[in-house]
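A structural walkthrough
What follows is the residue order along each chain.
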Amino acid sequence: AGPAREPGQNRPGSTSRMPEDSRARLSPQGIAYKDLPHIANADGQHLFCRYWKPQASPRALAFVAHGAGEHCGRYDELAQMLTGLNFFVFAHDHVGHGQSEGDRMVVSDFQVFIRDSLQHIDLVKKEHPGLPIYIFGHSMGGAISILTVSERPSDFAGLVLISPLILPNPQSATSFKVFAAKVLNHLLPSFSLGSIDPNIISRNKEEVEAYVTDPLVYHGGMKVSFAMQLLNASARVGKALPDISLPVLLMHGTDDQLCDIKGSYHLMETVPSQEKILKVYDKAYHVLHKELPEVSSAVFREIETWLAEKIVTATGAGGI
Ligand SMILES: O=C1N[C@]2(CO1)C[C@H](C(=O)N1CCC(COc3ccc(F)cc3Cl)CC1)C2
């Protein structure tokens, strides 16, 4: 009956699967989740997590929500900067992204991203009770952050948004495309609308190259069903803005072709926050934290300055 097989090893042609528990569950890259920092979401899907711990005991927490098709490892530099301010930074790869489970860039409902973020935030808050928590979001992660804050209006000390998805870009979501997407979604939800042109994410060629060669970034086309979820998200964001009243730091490039800067202007006109700052970067493209050096260094400095003054006053360690 052929060579002896390890228990559980499938015989060719057999349909039985490996035991579906954490011991055997492998990431899309084939790494056992038991060897990776992870959480299991409410649907039992394993989400890969990253944690950046400060040297001293943390003064604040920061959750980072990454964007469509990318992964939280791309925020290492931002996180390192924040640990320098004694922040404990944490993030995960959203369902269907990076080293987390789920079909690539597929989500049953945009709310799954918000639900999973709140689960992770609640988990870390339990380990660090009483610390102020800030939430960061870029692009689609900006929409996730806004909707996460709108579910917990008093839980967050501040919201930092880097070229957030608020209004779909009129090019990528013309009314015809929206109509077509709605019709297609019923007929061919997996129909591909084509992938993001990497050259429009940043003017920094090295960063474009890093994006193109990053194996954890999804380079396939965007499915109609996912585009519908993004449209659903931007509609929900529009409804949530009037209830956002926490401090907001917002940054957007004038030449962003993926998320319209008009969305950020709209946010500034709509959120009732007492403190809301919009920094506009002339001629900059979409990924401001991975743009030309003068832009990205200004973005990091902006965030660092804004936060430094906030946690000083928050911990009352201000001047005399
Ligand atoms: O560093 C980074 N940043 C990234 C990549 O790598 C950019 C990407 C990201 O999140 N978005 C860029 C694309 C955009 C498309 O939007 C739509 C498309 C069709 C449609 F019908 C309706 C919409 Cl709204 C969503 C937001 C994350």
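Computed from a prediction, not measured in an experiment: that's the story for all the values here.

Time to look at the pattern of salt bridges. Tallied over the entire structure, the rule returns 13 salt bridges. The partner of Asp 260 in a salt bridge is Lys 262, with the nearest N and O atoms 3.8 Å apart. Salt-bridge contacts for Lys 279 lead to Glu 302; the nearest nitrogen and oxygen are separated by 4.0 Å. In this pair, Lys 279 sits in strand S8 (residues 276-281) while Glu 302 sits in helix H8 (residues 293-314), placing the two residues 23 residues apart along the sequence. One connected set of salt bridges, linked through shared partners, spans Asp 122, Lys 125, Arg 152 and Asp 155.

Attention now moves to the nonpolar core. Across soluble globular proteins, you tend to see nonpolar side chains buried next to one another. If you look at the biggest cluster of nonpolar residues, it comprises 47 residues, and the most contacted ones within it are Phe 110, Ile 146, Leu 159, Phe 226 and Leu 267. Within the second largest apolar cluster, 31 residues are counted, among which are Ala 79, Met 251, Leu 288 and Val 299.

A sheet is described by the order of its strands in space; here 8 strands give the open sequence S1-S2-S4-S3-S5-S6-S7-S8, paired in mixed fashion. With partners counted over all chains shown, the strands left at the sheet margins are strand S1 (38-40) and S8, one partner each. Across this sheet, the average inter-strand angle for adjacent strands is 20°, counted without regard to direction. Of the pairings in the sheet, the one linking strand S3 (residues 60-65) to strand S4 (residues 87-92) comprises 5 bridges and is parallel in character. Paired with Val 64 across the two strands is Ala 91, which belongs to S4. Contacts from helix H1 (residues 76-83) reach strand S2 (46-52), S3, S4 and strand S5 (133-138), with the element oriented near 155° to S4. In the packing of helix H2 (residues 111-127) onto the sheet, the strands contacted are S1, S2, S3, S4 and S5, and the crossing angle to S4 comes to about 145°.

What counts as what
- Residues numbered from 1 in each chain as written.
- Predicted model: local features only at pLDDT ≥ 70, side-chain atom pairs only at ≥ 80, totals over all residues.
- Heavy atoms only, no water.
- Salt bridge = Lys/Arg side-chain N within 4 Å of Asp/Glu carboxyl O.
- Helix = DSSP H or I, 4+ residues; strand = E, 2+ residues; numbered from the N terminus.
- Core = buried A, V, L, I, M, F, W, Y, C linked by side-chain atoms within 4.5 Å.
- Buried < 20%, exposed > 50% of the residue type's maximum accessible area, 1.4 Å probe, protein only.
- Pairing = 2+ DSSP bridges.
- Axes fitted to C-alpha atoms, helices over the stretch in contact; angles between N-to-C directions.
- Contact = heavy atoms within 4.5 Å.

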